[in-house]
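So the chains spell out like this:
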Amino acid sequence: MTHRSITNEELAALIRRTEEATSAFMGGDMHRYLTLTPHARGFVLMNPFGGEPTRYDDRSESLLKVADYFKAGEATLEVAETYASGDLVVLVMIERQHGEVGGLPNQEWSLRVTQVYRREGSEWQLVHRHADPLVHRISLEQAAMLARG
């Protein structure tokens, strides 16, 4: 297997595509999201609502089922750090986003996110996503309360 480093231009294109996909997701356009963000077999999600990590062999079915859950949203990315090694890229970012989620009025839904991509041929596939809503600092007591469930 040949591993080659990602170029700065390829990395910039992956970030732009990720931002466009995030906006599509927040607007409920899961077909566009999936076109922009192919998911690898075995994709693992650490959902921002918590719970155990979920492994998917085909992420598209579950996303298409929740398309109506997300409406009227958009997003921009603040990339805090990128890491690249051979056929892996890690994006550490804040998704600055808003939208109507689950029938709630339009509001901020910004998340801290880490996404891991693996190159399959010429395509970058998402293999892992970890997101949480802790964009704003919380106290030790609040963190302890969350940890207790």
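Anything mentioned here points back to the structure above.
In short, a report on the structure.

Thresholds, definitions, all that
Residues numbered from 1 in each chain as written. Predicted model: local features only at pLDDT ≥ 70, side-chain atom pairs only at ≥ 80, totals over all residues. Heavy atoms only, no water. Core = buried A, V, L, I, M, F, W, Y, C linked by side-chain atoms within 4.5 Å. Buried < 20%, exposed > 50% of the residue type's maximum accessible area, 1.4 Å probe, protein only. Helix = DSSP H or I, 4+ residues; strand = E, 2+ residues; numbered from the N terminus. Contact = heavy atoms within 4.5 Å. Phe/Tyr/Trp six-rings, centres within 6.5 Å; stacked < 30°, edge-to-face > 60°. Lys NZ or Arg CZ within 6 Å of the ring centre and 35° of its normal. Salt bridge = Lys/Arg side-chain N within 4 Å of Asp/Glu carboxyl O.

### Let's talk about the nonpolar core
In summary, soluble globular proteins display a tendency toward joint burial of nonpolar side chains. Within the largest apolar cluster, 29 residues are counted, with the highest numbers of intra-cluster contacts made by Phe25, Tyr33, Val89 and Tyr117. Of all the secondary structure elements, the ones that give two or more residues to this core are α1 (8–26), α2 (30–36), β1 (39–46), β3 (70–85), β4 (88–101), β6 (111–120) and β7 (123–132). Top contributing element to this core by residue count: α1, with six residues. Once residues within four sequence positions are removed from consideration, phenylalanine 25 is found in contact with Met30, Tyr33, Leu63 and Phe70.

### Quick word on the packing of aromatic side chains
Any aromatic ring pair is given by two values, namely how distant the centres are and how the planes are angled relative to each other. Using the criterion set out here, one finds four aromatic pairs in the structure. Ring centres 5.2 Å apart and planes at 75 degrees place the aromatic pair phenylalanine 25 and tyrosine 33 in the edge-to-face group. Of the two residues, phenylalanine 25 and tyrosine 33, both sit in the buried class. With 6.1 Å between their ring centres and 35 degrees between their planes, phenylalanine 43 and tyrosine 56 make a pair best called tilted. Of this pair, phenylalanine 43 sits in strand β1 while tyrosine 56 is found in strand β2 (residues 54–56), placing the two residues 13 residues apart along the sequence. These aromatic residues form a ring-pair network of at least three members: Phe25, Tyr33, Tyr69 and Phe70. It is arginine 59 that lies over the ring of tyrosine 56; its NZ or CZ is 4.6 Å from the centre.

### Things to note about the pattern of salt bridges
Applying the stated criterion across every chain, the model contains nine salt bridges. Here glutamate 61 makes a salt bridge to lysine 65, at a shortest N to O gap of 3.5 Å. Note that glutamate 61 and lysine 65 are positioned in helix α3 (residues 59–65) at a spacing of four residues, about one turn of the helix. In this structure, the salt-bridge partner of glutamate 95 is arginine 129, at a minimum N-O distance of 2.8 Å. Taken together, the positions of glutamate 95 in strand β4 and arginine 129 in strand β7 put the pair 34 residues apart, joining distant regions of the chain.

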